[in-house]
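Tertiary structure, described
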Amino acid sequence: VQLQAFGGGLVQAGGSLRLSCAASGRTASTYVRGWFRQAAGKEREFVAAINSKPPSTYYRDSVKGRFTISRDNAKNTVYLQMNSLLPEDTAVYYCAADLSCSGEGCRRARSYNYWGQGTEVTVSS
């Protein structure tokens with residue numbers, strides 16, 4: 001499975017961006033798909049995930065109500081709509097995928113074996 005993330009950029013605080021992650025190769029509409037981010041000098045952290053079996057979404061607390069993860073199985077693409085962006089959302093965002101995950105495991109980077117390159121998001125104050 002190859003993943004390609006794009007859609008990052010520079011935006012002012014309060015603005016919006018939509019990230020996309022396209023999958024190719026051995027893909028399955030039931031794969032769990034996730035987004036993680038890593039700010040300069042910090043560890044990679046979970047942002048959001050979407051699972052198919054059972055249908056569920058997961059968010060880190062600081063993005064709930066502002067970010068929405070969705071998927072288009074026909075396009076093998078997952079989206080992260082980011083609204084009301086804050087300077088602390090500045091990071092390189094990575095998309096990830098794997099066959100499945102369960103509960104809290106969906107929030108852990110080690111649950112994902114497939115990773116895309118990062119796309120940089122910068123939010124200016």
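What comes next is a walk through the structure. Note that the structure is predicted; figures quoted are calculated from it, not measured. (Residues numbered from 1 in each chain as written. Predicted model: local features only at pLDDT ≥ 70, side-chain atom pairs only at ≥ 80, totals over all residues. Heavy atoms only, no water.)

**Considerations on the pattern of salt bridges**
Oppositely charged side chains may form a pair once their charged atoms are brought near each other. Test applied: Salt bridges are counted wherever a side-chain nitrogen of Lys or Arg sits within 4 Å of a carboxyl oxygen of Asp or Glu. Runs of E in the DSSP output that reach at least two residues are strands. Runs of H or I that reach at least four are helices, and both are numbered from the N terminus. A 1.4 Å probe rolled over the protein chains alone gives each residue an accessible area, and that area as a share of the maximum for its type sets the label: buried under 20%, exposed over 50%, partly exposed in between.
The full count for this structure, using the stated rule, is six salt bridges. Linking arginine 60 and glutamate 45 is a salt bridge whose minimum nitrogen-to-oxygen distance equals 3.6 Å. Remark: glutamate 45 occurs in strand β5 (residues 45-52) and arginine 60 occurs in the loop between β6 (55-59) and β7 (67-72); sequence separation between them is 15 residues. Judged by its relative accessible area of 24%, arginine 60 is partly exposed. When its relative accessible area of 27% is taken as the criterion, glutamate 45 is described as partly exposed. The salt bridge partner of arginine 107 is glutamate 104, with a shortest N-O separation of 3.3 Å. What emerges from the salt-bridge pattern is a single network uniting Arg37, Glu45, Arg60, Arg66 and Asp89.

**Details of the nonpolar core**
Spelled out, the test is: Among buried residues, the Ala, Val, Leu, Ile, Met, Phe, Trp, Tyr and Cys ones that are joined through side-chain atoms within 4.5 Å form a nonpolar core. Should any heavy atoms of two residues lie within 4.5 Å, those residues are considered in contact.
Counting 26 residues, the largest nonpolar core has Trp35, Val47, Phe67, Ile69, Leu80, Met82 and Tyr93 as its most contacted members. Listed by contribution, the elements that provide at least two residues to this core are β1 (2-6), β3 (17-24), β5, β7, β8 (77-82), β9 (91-98) and β11 (119-124). Beyond its immediate stretch of four places on either side in the chain, methionine 82 contacts Gly15, Ser16, Leu17, Leu19, Arg66, Phe67, Tyr93 and Val121.

**Digging into the side chain of threonine 119**
For clarity, the cut-off: Pairs of N or O atoms within 3.5 Å make up the polar contacts considered here, provided that, within protein, one atom can donate a hydrogen while the other can accept it, and that residues adjacent in sequence are counted only when both atoms are side-chain atoms.
For threonine 119, the position within the fold is in strand β11. At 3.0 Å, the side chain of threonine 119 forms a polar contact with the backbone nitrogen of glycine 8. For threonine 119, the contacting residues outside a window of four places in its chain are Ala5, Phe6, Gly7, Gly8, Leu19, Ala91, Val92 and Tyr93.

**A word on the sheet that holds β3**
Within a beta sheet, neighbouring strands are joined by backbone hydrogen bonds and run either parallel or antiparallel to one another. As a reminder of what qualifies: Pairing between two strands is assigned when DSSP locates at least 2 bridges connecting them. Axis lines are fitted to C-alpha atoms, over the contacting stretch for helices. Their N-to-C directions set the angle, which ranges from 0 to 180 degrees.
One open sheet holds the four strands; their spatial order is β1-β3-β8-β7, and the pairing between them is antiparallel. Strand pairing shows two members of the sheet lacking a second neighbour, β1 and β7, which therefore form its edges. Direction aside, the axes of adjacent strands within the sheet are offset by 15 degrees on average. Across five bridges, β1 lies against β3 in antiparallel orientation. Bridge pairing links alanine 5 to cysteine 21 in β3.

**Some details on unusual backbone geometry**
Of note, the phi angle at asparagine 76 is positive, near 50 degrees, even though the residue is not glycine. Residue placement: asparagine 76 occurs in the loop between β7 and β8. Owing to a relative accessible area of 22%, asparagine 76 belongs among the partly exposed residues under this scheme. Its identity is not glycine, yet serine 84 carries a phi of approximately 50 degrees, on the positive side. Mapping serine 84 onto the fold places it in the loop between β8 and β9. For serine 84, a relative accessible area of 39% gives the class partly exposed.

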